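# Chain and residue survey
Below are the chains, spelled out letter by letter.
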Amino acid sequence: MFKNMGGKIKMLAKVMCWINIALGIIAVCAGIFAVVAFGNMRGNSAEAAGVICLIILAGIIWALFAWIGSFFLCGYGELIENSAITAKNTQTLIEMKSYELNARAKAQAGTVPEQSAKPVAEASNSPEQSQTAEN
């Protein structure tokens, strides 16, 4: 139920956006129907046309705000998804670093050689050893 919360929040944002847009369209249709019905009964068709334009404008603004409002909820879901991915990657890096530190500690304790030893011939030809041999 609480797994993949970022994806669920993003899906909720999309669903709520479409529901609000649909409700806006329904409200516009109902408003236009009401204005036309009551405007024709009173004989005020000029005023009814103005009110219809305002209702259509209100419906467009409603849909626009529903769409823009979904950005924030969808962005929040994206943040949750990305923070979960970041936490997973950080845990992997911590495990890798821990493995590396354990290997280094074992190497220092002498159980696993960390660096390969220099060949004997190379070690005897080093300048420090040749100077000590001359003295």
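Residues numbered from 1 in each chain as written. Predicted model: local features only at pLDDT ≥ 70, side-chain atom pairs only at ≥ 80, totals over all residues. Heavy atoms only, no water.

### Considering the overall build of the chain
- From N to C terminus, the chain includes 4 helices and 0 strands.
- Beginning at the N terminus, the succession of helices and strands in the chain can be written as α-α-α-α.
- A burial count over the chain gives 15% of its 135 residues as buried.
- The contacts of the chain with a sequence gap of at least 6 include a subset with a gap of at least 24, amounting to 69%.
- Carbon and sulfur atoms make up 68% of the accessible area of the chain, which amounts to about 10,900 Å² in all. (Helix = DSSP H or I, 4+ residues; strand = E, 2+ residues; numbered from the N terminus. Buried < 20%, exposed > 50% of the residue type's maximum accessible area, 1.4 Å probe, protein only. Contact = heavy atoms within 4.5 Å. Areas by Shrake-Rupley, 256 points an atom, 1.4 Å probe, with all protein chains shown as cover.)

### Remarks on unusual backbone geometry
- Residue Asn-4 is not a glycine yet carries a positive backbone phi of 55 degrees.
- With respect to the helices, strands and loops of the structure, Asn-4 is situated in the segment before helix 1 (5-42).

### Observations regarding the nonpolar core
- With 5 residues, the main nonpolar core is built from Val-28, Val-35, Ala-48, Ile-52 and Ile-55.
- At 3 residues, helix 2 (residues 45-109) tops the list of elements feeding residues into this core. (Core = buried A, V, L, I, M, F, W, Y, C linked by side-chain atoms within 4.5 Å.)

### With respect to the packing of aromatic side chains
- For the structure shown, the criterion picks out 1 aromatic pair.
- A ring pair is formed by Trp-67 and Phe-71, whose centres lie 4.8 Å apart and whose planes are at 70 degrees; its orientation type is edge-to-face. With Trp-67 and Phe-71 both in helix 2 and 4 residues apart, the pair spans about one turn of that helix.
- The exposure class of Trp-67 is partly exposed, given its relative accessible area of 46%.
- What makes Phe-71 partly exposed here is its relative accessible area of 45%. (Phe/Tyr/Trp six-rings, centres within 6.5 Å; stacked < 30°, edge-to-face > 60°.)

### A closer look at the state of the cysteines
- Here the structure, examined in full by the defined rule, presents 0 disulfides.
- As a non-bridged cysteine, Cys-17 has Cys-74 as the owner of its nearest cysteine sulfur, 9.6 Å distant.
- A relative accessible area of 25% means that Cys-74 is categorised as partly exposed. (Disulfide = S-S within 2.5 Å.)

### Quick look at the pattern of salt bridges
- Counted according to the given criterion, the structure contains 4 salt bridges.
- Note that Glu-78 is salt-bridged to Lys-10, the shortest N-O span being 2.9 Å. In this pair, Glu-78 is assigned in helix 2 and Lys-10 in helix 1, connecting sequence segments 68 residues apart.
- Owing to a relative accessible area of 18%, Lys-10 belongs among the buried residues under this scheme.
- Taken together, the salt bridges that share partners define one network made up of Lys-10, Glu-78 and Glu-81. (Salt bridge = Lys/Arg side-chain N within 4 Å of Asp/Glu carboxyl O.)

### Looking at the confidence of the model for the chain
- Here the chain averages 79 in pLDDT, and 76% of its residues register 70 or above.
- Looking over the chain, one finds the lowest element-wise mean pLDDT in helix 3 (residues 120-124), namely 48, and the highest in helix 2, namely 88. (pLDDT = per-residue confidence, 0-100.)

### So, a nonpolar patch on the surface
- A cluster of nonpolar side chains, Leu-54, Leu-57, Ile-61, Leu-64, Phe-65, Trp-67, Ile-68, Phe-71 and Phe-72, forms an exposed patch at the surface whose accessible area comes to about 960 Å².
- Mapped onto the fold, Ile-61 is located in helix 2. (Patch = residues over 30% accessible without salt bridge, like charges linked within 9 Å, V, L, I, M, F, W, Y side chains within 5 Å.)

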